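Below are the chains, spelled out letter by letter.
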2 protein chains.
Amino acid sequence: MMFPAADYAARLDSARRVMDAHGVDALMVSVGADMPYLAGYEAPQYERLTMLVVPGDGEATLLVPRLEAPAVIDRGAFEILPWDETDDPVAIALGVAGRPATAAIGDHTWARFLLGMQAQSPTTRFVPATPLTSELRAHKDEAEIGWLRTAGHAADRVAARLVAERFSGRTEREIAAITREMIVEEGHEVAAFAIVASGPNGASPHHEPADRVIGPGDPVVLDFGGRVMGYFSDTTRDFVVGEPSAAYVAAYEVLREAQAAAVDAVRPGIAAQDIDRTAREVITAAGYGEHFIHRTGHGIGIEVHEEPYIIEGNQRILKPGMAFSVEPGIYVPGQFGMRIEDIVVVTGDGSEALNLSSRDRYTVE
Amino acid sequence: MMFPAADYAARLDSARRVMDAHGVDALMVSVGADMPYLAGYEAPQYERLTMLVVPGDGEATLLVPRLEAPAVIDRGAFEILPWDETDDPVAIALGVAGRPATAAIGDHTWARFLLGMQAQSPTTRFVPATPLTSELRAHKDEAEIGWLRTAGHAADRVAARLVAERFSGRTEREIAAITREMIVEEGHEVAAFAIVASGPNGASPHHEPADRVIGPGDPVVLDFGGRVMGYFSDTTRDFVVGEPSAAYVAAYEVLREAQAAAVDAVRPGIAAQDIDRTAREVITAAGYGEHFIHRTGHGIGIEVHEEPYIIEGNQRILKPGMAFSVEPGIYVPGQFGMRIEDIVVVTGDGSEALNLSSRDRYTVE
C-alpha cells in the first residue's frame, strides 16, 4: 500500500501537541491507521512487532522487523530502528519510549503486545490512543480530501458501469467479482470490499456475497469501495432487476428522502448525532423505524470506519474537514433491504458530497 | 471465509481443560484465528466488537454486533448474543464472563477493547491467551491436516503452471497478479499473498511486488499462498530467466542442501530450535551465515504465521500433528535472494511434506 508524500514531521509535531494536552508522555502505535497517518507506513498484520514510538520530547522512532525494513520509506521525520529475529521488540519499544509514566496505545495494537508492555513496565499507565489520534485524523487537510474525492469519483464510475451489466441469472459472488475488477479498473490501487446482497439477503446489512442466483424483480444492495493512496471510497447503491414490488418502491421513496435530508443537515457546528437523528426521524415517521437497524454513518480516511461515528450519543461537534458516510438503510427481514450511502466532507458552511452518482434506484436486466 | 463443520463443542471442552490447567477463569478471544478455531466464525477487522467468551464453568457465548449476526453459523456449541448499536459491548462481554479473577485475552484483540475491559474490571488479572490457544491450535487433527494438504497441493499446481509463463519483460506486479489468479483457479477460496521479488529485490525477504521489469538472467523469488476452508498454503520457489550467475548457482546448491537437511531433521521429540540449527549450520558452514537473516519457519493453520516458530530459543518439543514451514533463505544485498519453503507436518516417526513440487530452481523465459 502506498501513502502520500505528506509532511510527516508536521503531523508528528501535531501529535506531540495533542499528547501534551492529554498529559501523555509517549504515543505507541502499531497495526491500523495511526502509523500510516503519522509515518506513511502500514504495519503488516503479523506476529513481528512494528511500532511507531513518539516520545513527547524526543525524536520519533519506527521500530521494524529487520526483514521488513527495506519496505519502509524514509520520510525524514523519524528514525528507523530495525530489530533482529531473536530480539525482544517489546523491551526495545519501552526503552525507546523512555519507560513513560503515561503511554497512549494505538487502537488496533495486539493485546499480546500491550500485555507484554504492561508486564515489563508496571509503573506505566497505559491509555487508549483513540482520543488523541482521532483528534488528528478526523480533521482532513486538502490533500487528504483530494484522495477521498479521487476515490469517491472512481467508485461513482463503477456504479455507472454496473448499470450496463446483466444481473439476472448471475450469482451475488459473480457480481461481486465484476465489481471488484471495476474498482481497480476505475483507478483504485486495490479493491477493499464488495457487498452484493440480493432479494431477502439485502435485509442483512453486512451480507457476504454467496451463491444465490439473482432473478427478475430482485432488489440488489451493492456496497463497495477501494483505496487510493491509502484513502478509502465507500458507496452503496440499489439495483433492481426489472420492476420491484410496490412495498419496495414505497420504502425506497422514504429512504431516498431520509438520506437526502441527512446530507442536507451536514454543516459545521452541529453534533454528529444530529445527522443520525435527521435520517431516523424521516424513516420513523414513515413507519419503518424498527427496520433501520444501524447507525447512520462512520468517519472515513485511512481507515474505512473511523471517527466521527454518526450515531445517537456522539455529541462531537462537526468541523470543516471531517469526512464521513451518510448511509441510512431499511431492512425488512425475509423480504428485502436497501441502503443509500455517500461520503460527505464538512465545508466552511455546509458539505461537499464526494459521491455524485445518482441516488435513484438503478434498473438492470 | 468458510470454516469446516468441525466438532466445536469438543474444541470448547478442550479449551476449558487447558484453562483449568492454567488457572484461567474466562477465555476471551476476538479478531484473529482463535475464534474461527473455537467457533467456526471469523470476526471482521472493524470497530464493532465481536468476542467469544468461554467461562471455565459455563456455556460459551459469541457476542456479535446485531448487523453481523446473520453471518454467524450456529454450530450448536455456543450461544449467539447480538448487541445493539448503542450498547457497550465491553460491559456485556465482562458480564457474560462473570467478572473473572483471571481472563485470558486473544492475541490480536484490539488494545482499545483490552484497555476498556481493564478499566471496567480493575480486579481482573488479564493474561495473554497465546499459551492456551497455541496449545490447542498447534496440534492439528486429521481434518485440519487434510485442509492444509489440499491447500499445499493446490499451491504446488500453481508452481508447476508458473514455469510455462513468460517472466522476461513483465513486471513483478504482473507476475503477482497472474499468481493470485492461479491460486484461486487451482482451488483456493481466496488468494492470500504473492511476493514476487526479482533481481536485487530478492534480497528483501518480504519485498512488495512493484514495477521492476524482469529481465534475462534475473532470479525471481515467488512466495505465495491462499486459503482453503480457512487453512493456508504457503510455499516459496525460485525462478530464473535463462541462466543465472555462477554466484547464484553456488548459493542455491547450499540452500537446497540446507532446506533438505532441515526437512529431514523434522520428527517428534526434538525441539523447534533444532530445525533452525540444522538449516543454519549448513548455510553457515558454506560461508553464507550472515545472509540467512530470518528464522527457519513458522507454524501454519488458520493463521499463516502461528506457533510453533522454528527459531533459535524455541525449546518447544515437536509432536505429531504440528504443521510448520521450513524456509531457509540466502539474501545477498544488491545482488539476489533465494528461499525454498515447504510446509511439513510432524508424523509419528518423521514428517510429511505438504508441498511436493520440485525444489530445484525453475528455468523460465
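Worth saying up front: this structure is predicted, and the values here are computed from it rather than measured. Here the residue numbers are simple positions, counted from 1 along each chain's written sequence. Naming scheme: in the order in which they are written, chains are lettered from A and ligands are numbered from 1. Confidence filtering applies because this is a predicted model: local features only for residues at pLDDT of at least 70, side-chain atom pairs given and counted only at 80 or more, and all residues used for totals across whole chains, interfaces and linings. Calculated side-chain values reflect all of the structure's heavy atoms, with hydrogen atoms and water omitted.

1. Remarks on the overall build of chain A
And then number 1: Strands here mean DSSP runs of E at least two residues long; helices mean DSSP runs of H or I at least four residues long; both are numbered from the N terminus. In terms of helices and strands, chain A carries nine helices and 18 strands.
And then number 2: The principal-axis extents of the C-alpha atoms in chain A amount to approximately 65 × 40 × 35 Å.
And then number 3: Across the 365 residues of chain A, 60% fall into the buried class.
And then number 4: Any two residues whose heavy atoms approach within 4.5 Å are treated as being in contact. Counted over contacts in chain A with a minimum sequence separation of 6, partners at least 24 positions apart contribute 66%. Think of it in three bands: with a 1.4 Å probe and only protein chains considered, a residue is buried below 20% of the maximum accessible area for its type, exposed above 50%, and partly exposed in between.

2. What to know about empty space enclosed by the protein
And then number 1: Cavity and pocket criteria rest on a 1 Å grid covering protein atoms alone: a 1.4 Å probe that fits but cannot get out defines a cavity, protein on both sides within 12 Å along at least 5 of 7 lines defines an open pocket, and an atom within 4 Å of a point defines a lining residue. Grid points are joined across faces, edges and corners, and a volume is the space filled by probe spheres set on the points. Tallied over the full model, the rule gives six cavities of 30 Å³ or more.
And then number 2: The computed volume of the largest cavity comes to approximately 140 Å³.
And then number 3: For the lining of the largest cavity, the elements supplying multiple residues, two or more each, are helix H5 (130-137) and strand E12 (306-310) of chain B.
And then number 4: Shared between two domains, the lining of the largest cavity holds at least three residues of each, these being domain 1 (8-136) and domain 2 (142-364) of chain B.
And then number 5: Taken as a whole, the second largest cavity encloses approximately 100 Å³ of empty space.
And then number 6: Elements represented by at least two residues in the lining of the second largest cavity include exactly helix H5 (130-137) and strand E12 (306-310) of chain A.
And then number 7: A per-element tally of the lining of the second largest cavity places H5(A) first, with four residues.
And then number 8: Classifying every residue of the lining of the second largest cavity gives two nonpolar, three polar and seven charged.
And then number 9: Viewed by domain, the lining of the second largest cavity spans two of them, domain 1 (8-136) and domain 2 (142-364) of chain A, each represented by three or more residues. Either an automatic procedure or a domain database provided the assignment from which the domain bounds are taken. Polar here means any residue outside two lists: the nonpolar Ala, Val, Leu, Ile, Met, Phe, Trp, Tyr, Cys and Pro, and the charged Asp, Glu, Lys and Arg; Gly therefore counts as polar.

3. With respect to the environment of A:Glu68
And then number 1: Summarising the element assignment, A:Glu68 is placed in the loop between strand E3 (61-65) and strand E4 (79-83).
And then number 2: Overall, the relative accessible area of 6% leaves A:Glu68 in the buried class.
And then number 3: With sequence-adjacent residues up to four places away left out, A:Glu68 is seen in contact with A:Tyr41, A:Pro44 and B:His206.
And then number 4: Counted as a polar contact is a pair of N or O atoms within 3.5 Å, where, for protein atoms, one must be capable of donating a hydrogen and the other of accepting one, and residues adjacent in sequence contribute only when both atoms are in side chains. A polar side-chain atom of A:Glu68 sits 2.7 Å from a polar atom in the side chain of B:His206.

4. Focus on the layout of surface pockets
Any empty space left between the atoms is revealed when a probe the size of a water molecule rolls over them.
And then number 1: Computed from the structure, the second largest pocket encloses a volume of approximately 590 Å³.
And then number 2: Residue lining of the second largest pocket: 23 residues in total, with A:Glu307, A:Tyr309, B:Glu47, B:Pro89 and B:Arg112 positioned closest to the centre.
And then number 3: Of all the elements, helix H4 (residues 111-120) of chain B adds the most residues to the lining of the second largest pocket, at five residues.

5. Focus: H4(B)
And then number 1: Within H4(B), seven of the ten residues are buried, which leaves it mostly tucked inside the rest of the structure.
And then number 2: Within the span of H4(B), buried status applies to B:Ala111, B:Phe113, B:Leu114, B:Leu115, B:Gly116, B:Met117 and B:Gln118.

6. Let's talk about the domain arrangement of chain A
Residue and element names in this part refer to chain A.
And then number 1: Segmentation of chain A into domains returns domain 1 (8-136) and domain 2 (142-364).
And then number 2: With centres defined by C-alpha atoms, the gap from domain 1 to domain 2 works out at 34 Å.
And then number 3: Taken together, both faces of the contact between domain 1 and domain 2 bury some 600 Å²; the carbon and sulfur share is 47%.
And then number 4: Salt bridges are counted wherever a side-chain nitrogen of Lys or Arg sits within 4 Å of a carboxyl oxygen of Asp or Glu. The interface formed by domain 1 and domain 2 includes one salt bridge.
And then number 5: Put simply, Glu42 and Arg227 hold a salt bridge, and the shortest N to O gap is 3.4 Å. Note on terms: buried area is the combined drop in 1.4 Å-probe accessible area of two parts once they are placed together, counting the loss on both.

7. Observations regarding the packing of helix H8 (residues 246-265) of chain A against helix H9 (residues 272-285) of chain A
Residues and elements named next belong to chain A.
And then number 1: Closest axis-to-axis distance for the H8/H9 pair is 8 Å, and the angle between their directions is 155 degrees. Taken together, the axis directions place H8 and H9 in an arrangement best described as roughly antiparallel. Handedness of the H8/H9 crossing: right-handed. For the pair formed by H8 and H9, the contact residues are Val254, Leu255, Glu257, Ala258, Ala261, Ala262 and Ala265 on the first element and Ile275, Thr278, Ala279, Val282 and Ile283 on the second.
And then number 2: Here the residues of the contact of H8 with H9 are counted per class, giving ten nonpolar, one polar and one charged. Angles run from 0 to 180 degrees between N-to-C directions of axes, and those axes are lines fitted to C-alpha atoms, restricted for helices to the stretch in contact. Should an angle fall under 35 degrees it is called roughly parallel, over 145 degrees roughly antiparallel, and 65 to 115 degrees roughly perpendicular, with every other angle called oblique. Take the far helix as your reference; a near helix turned counterclockwise from it by less than a right angle gives a left-handed crossing, and one turned clockwise gives a right-handed crossing.

8. As for the sheet that holds strand E3 (residues 61-65) of chain B
All names here are of chain B.
And then number 1: The mixed open sheet is built from six strands, whose spatial order is E4-E3-E2-E1-E5-E6. The open sheet terminates on both sides in strands that have one partner only, identified here as strand E4 (79-83) and strand E6 (125-128). Taken over all neighbouring pairs, the strand axes of this sheet differ in orientation by 25 degrees on average, direction set aside.
And then number 2: In the sheet, strand E1 (residues 26-29) pairs with strand E2 (residues 51-55) via four bridges, with the strands oriented antiparallel. Bridging across to E2, Leu27 finds its partner in Val54.
And then number 3: Relative to the sheet, H4 contacts E1, E2, strand E5 (102-105) and E6, its axis offset from that of E6 by approximately 155 degrees. At least two bridges found by DSSP between two strands are what make those strands a pair.

9. Concerning the nonpolar core
And then number 1: Nonpolar cores are built from buried Ala, Val, Leu, Ile, Met, Phe, Trp, Tyr and Cys residues. Side-chain atoms within 4.5 Å join them into one set. In terms of nonpolar packing, the biggest core is built from 126 residues, with A:Met28, A:Leu52, B:Met28 and B:Leu52 touching the most fellow members.
And then number 2: Once residues within four sequence positions are removed from consideration, B:Met28 is found in contact with B:Met51, B:Leu52, B:Val53, B:Ala93, B:Leu94, B:Ala97, B:Ala103, B:Ala104, B:Ile105, B:Gly106, B:Thr109 and B:Met117.

10. A word on the relation of the copies chain A and chain B
And then number 1: Copy-to-copy superposition: least squares on the C-alpha atoms, limited to residues that have pLDDT of at least 70 in both copies. If you rotate chain A by 180 degrees and push it 0.0 Å along the axis, it lands on chain B with an RMSD of 0.0 Å. Those values place the two copies in the arrangement expected of a two-fold rotation axis.

11. Thoughts on the packing of aromatic side chains
And then number 1: The pairing test for Phe, Tyr and Trp rings, Trp by its six-membered ring, is centres within 6.5 Å, and the orientation test on the planes gives stacked under 30 degrees, edge-to-face over 60, and tilted for anything in between. The full count for this structure, using the stated rule, is ten aromatic pairs over all chains.
And then number 2: Ring geometry for A:Tyr248 against A:Phe336: centres 5.3 Å apart, planes inclined by 75 degrees, an arrangement best described as edge-to-face. Residue A:Tyr248 is found in helix H8, and its partner A:Phe336 is found in strand E15 (residues 336-339); the two are separated by 88 residues along the sequence.
And then number 3: Aromatic ring contacts, followed pair by pair, group A:Phe167, A:Phe239 and A:Tyr362 into a single cluster.
And then number 4: Sitting above the plane of the B:Phe292 ring, B:Arg280 keeps its charged end 3.9 Å from the centroid. For a lysine, the NZ atom is tested; for an arginine, the CZ atom; a charge sits over a ring if that atom is within 6 Å of the ring centre and within 35 degrees of the ring normal.

12. Considerations on the sheet that holds strand E2 (residues 51-55) of chain A
Residue and element names in this part refer to chain A.
And then number 1: On the basis of which strands lie adjacent, the open sheet formed by six strands has the order E4-E3-E2-E1-E5-E6 and mixed pairing. Edge strands, defined here as strands with exactly one partner in the open sheet, are E4 and strand E6 (125-128). For this sheet, the mean inter-axis angle between neighbouring strands, taken without regard to orientation, is 25 degrees.

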